[in-house]
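Listed here are the chains, written in short residue letters.
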Amino acid sequence: MPRLVVEQGKDSGAEVLVIGAVTVGRDAICGLPIHDRQSSRQHCRFEAFGDRLKVRDLGSRNGILVNGAKVAEAELKTGDRVTVGATVIRVAEGTVGPWSGKTVAGYRFLDKIGEGGMGEVYRAEQLSMRRFVAAKVLASRLREDPRYVERLVAEARAAAQLNHPGLIQVHDVIQATEITFFSMELVQGKTLRDHLRKGPLGLSHTLTVAKGVLEALQYAHTKGIVHHDVKPENVMLSEEGGVKLADLGIAQPAGAKVHENTPGKRTLLGTPQYMPPDQVRADRADPRFDIYALGATLYHALAGRAPYRGASPEEIVKQVLAAPPPPLASQAPQIPPDVIAFVDRLMARDPESRTPNAHQGLKDLHALQARHGEGEAGTSSTTGSGTKAKTSGTDSLSAGSAWPKKAALAAVVLLLLGATAYAAKHLAGHALPLPPPPVVPVRPPPPPVKPPLVVPPQPPPFAALLARAEDARNRGDLQAAQDAAQEYQAKAPYDGTEALKNQSRAQEILAWASQERARRKDDKDWADLQASLQPLDPDGRLDRLGAFLKDFPQNRHAQEA
């Protein structure tokens, strides 16, 4: 289904999906109203017939131009440009979904731009703000299940807490009678997966992707969030060259339980092709899962294929647990060895041997970029035909930078030889005065060496916060335990195994505080109920009922009754 995008004029950026027909002009009732004095009130009309699109002039004063030629009527194709007065409208592709063309809760839904397991993503216009957004809509078949509604809302709220240029920003969450969705930043670009359908990405662009994702992960991990699903489909590459990490649908707090086990079944969170073996076995969220997944994503970008392949997720999980993937060096022999070593460290099967955190990954990446520079060492670019033009790092160096160095060295040698010949010809027979003897300065004796300053060992940073949280938990002080644990999570780092263990302890204290607060509230509510009903229960039957329910705390509905 075609889509009209205003490229030039006062309404630049406005767009509309052509469902049936769309009129363009200054009149507010037009499907695409434009603020252009050179246009008529109803200037022209776009009409869609299946896959065909036509534009027809409606007797306007200035007429219309299609790709620079004045016409009264013309059939259009994707990429054509129609000029209406001073406004230029481009024809783009669009996909119609069930919500296309509808307006709900102040959002006008346009074309469908994506689809996933939980629903669809639409390009939409937020009418109150006059801006275009992406709207993630929960599938109708899942709206009756409160678990999926809660999961979508939790994703929106989790993303809204993270404010970083490398993460998709969430604006609003809407729960209406007929639809549940949240609106988020609309990135003009494609996913990394879209780019990889044409072949490997090339070294320079791959390192740019690595930098953007590592910066986003460093921020998310600092906030205590594990993404859990880093993969090419969730890496957005904007038209301006930016990198953004999307989809926090299965993100979890570090240290939180990540699997729901039922007899004979184990539910995994993530995508098996990019999942480390320790994520398959683990029960708690670990930021190092994201580090491995990024390495697997870079492997795919450089090799043009995922690290593991299989006919089903179960088959791929078996491969992940059994052995490492084919060596990247064999899949992408043109990539420099130090870059391959960088990816291998990110993808280490043993989490203790893996790059410990995003901060260290960025340090390693900066060293790589300093060695290779922009456009050097194994870069590749996509030509217009889609083929890859690869450049070896060694060939580039010998052909590009070694020749100027050799030429400069030859010029210096020739200059020295010329100066020697001139001296031999013109200074022969002339006695030259001897230079004066050199003056050797007398240096003062070095100052005495001071003994090294002995610094007494310091306790680990933020250890007092965690100790204070645990002490408050032992004393049963909910608020103090919660405040100290939250402060620890906000300030303490996530780098290293010990730091991750401490973060997990802080998360356990927060979980205890939440559960204990709920339990105390239940006890108070029950005590209040007993006190209010005591005059109506002289025989003490209510006490016996309370003792029975206390033995079965899961009968919450019975307690309320």
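Residues numbered from 1 in each chain as written. Predicted model: local features only at pLDDT ≥ 70, side-chain atom pairs only at ≥ 80, totals over all residues. Heavy atoms only, no water.

Participant: Can you walk me through unusual backbone geometry in this structure?
Facilitator: Phi is positive for asparagine 67, close to 55°, though the residue is something other than glycine. Among the structural elements, asparagine 67 can be located in the loop between strand E7 (64–66) and strand E8 (69–71). (Helix = DSSP H or I, 4+ residues; strand = E, 2+ residues; numbered from the N terminus.)

Participant: Is there a simple way to explain the sheet that holds strand E14 (residues 119–126) in this structure?
Facilitator: Adjacent strands of a sheet form backbone hydrogen bonds with each other and so pair up, either parallel or antiparallel. What the six strands build is an open sheet, ordered E12-E13-E14-E15-E17-E16; its pairing is antiparallel. A single partner strand is all that each edge strand has here, and the edge strands are strand E12 (103–104) and strand E16 (170–175). Note that strand E15 (residues 131–138) and strand E17 (residues 180–185) share five bridges and pair antiparallel. From the neighbouring strand, alanine 134 faces E17, where its bridge partner is methionine 184. (Pairing = 2+ DSSP bridges.)

Participant: Looking at this model, I keep getting lost on the pattern of salt bridges. Mind explaining?
Facilitator: Once their charged atoms are close, side chains differing in charge can pair, the charge on each being opposite to the other. Scanning all chains against the criterion turns up 30 salt bridges. Note that glutamate 215 and lysine 211 form a salt bridge whose closest N and O atoms lie 2.7 Å from each other. Of this pair, glutamate 215 and lysine 211 both sit in helix H3 (residues 203–222), separated by four residues, roughly a single helical turn. Look at glutamate 215 and you get partly exposed, because its relative accessible area is 28%. Linking aspartate 338 and arginine 371 is a salt bridge whose minimum nitrogen-to-oxygen distance equals 3.1 Å. Within this pair, whereas aspartate 338 is found in helix H8 (residues 337–346), its partner arginine 371 is found in helix H9 (residues 358–372), the two being separated by 33 residues in sequence. (Salt bridge = Lys/Arg side-chain N within 4 Å of Asp/Glu carboxyl O. Buried < 20%, exposed > 50% of the residue type's maximum accessible area, 1.4 Å probe, protein only.)

Participant: So what exactly am I meant to see when it comes to the packing of aromatic side chains here?
Facilitator: The description of two aromatic rings rests on the distance between their centres and on the angle between their planes. Under the definition given, this model contains four aromatic pairs. Arranged with centres 5.4 Å apart and planes meeting at 85°, the rings of tyrosine 107 and phenylalanine 181 form a pair that is edge-to-face. Of the two residues, tyrosine 107 sits in strand E13 (residues 107–115) while phenylalanine 181 sits in strand E17, which places them 74 residues apart along the sequence. Both residues of the pair, tyrosine 107 and phenylalanine 181, belong to the buried class. Both rings, one in phenylalanine 109 and one in tyrosine 122, keep their centres 5.7 Å apart while their planes meet at 90°; by these two values the pair is edge-to-face. Placement of the pair is phenylalanine 109 in strand E13 and tyrosine 122 in strand E14, with a sequence separation of 13 residues. (Phe/Tyr/Trp six-rings, centres within 6.5 Å; stacked < 30°, edge-to-face > 60°.)

Participant: Explanation requested: helix H11 (residues 463–475) in the structure shown.
Facilitator: Quick reminder: α-helices carry 3.6 residues per turn. Residues three or four places apart thus point the same way. For H11, which comprises 13 residues, the first-to-last C-alpha distance of 18 Å matches the rise-based estimate of 18 Å (1.5 Å per residue) to within 8%. Looking at the residues trailing H11, positive phi occurs at glycine 476, about 80°. (Expected span 1.5 Å × (residues − 1).)

Participant: I would appreciate a short explanation of the confidence of the model for the chain in the present structure.
Facilitator: Of the residues in the chain, 76% have a pLDDT of 70 or more, and the chain-wide mean is 79. Throughout residues 375–432 the model reports pLDDT below 50, and contacts reaching past four residues in sequence, or to other chains, amount to 43 contacts. (pLDDT = per-residue confidence, 0-100. Contact = heavy atoms within 4.5 Å.)

Participant: Is there a simple way to explain the sheet that holds strand E20 (residues 235–238) in this structure?
Facilitator: One open sheet holds the three strands; their spatial order is E18-E20-E21, and the pairing between them is antiparallel. The open sheet terminates on both sides in strands that have one partner only, identified here as strand E18 (189–191) and strand E21 (243–245). Direction aside, the axes of adjacent strands within the sheet are offset by 25° on average. Alignment of E20 against E21, held across three bridges, turns out to be antiparallel. Each residue of the ladder has a partner; that of valine 235, found in E21, is leucine 245. (Axes fitted to C-alpha atoms, helices over the stretch in contact; angles between N-to-C directions.)

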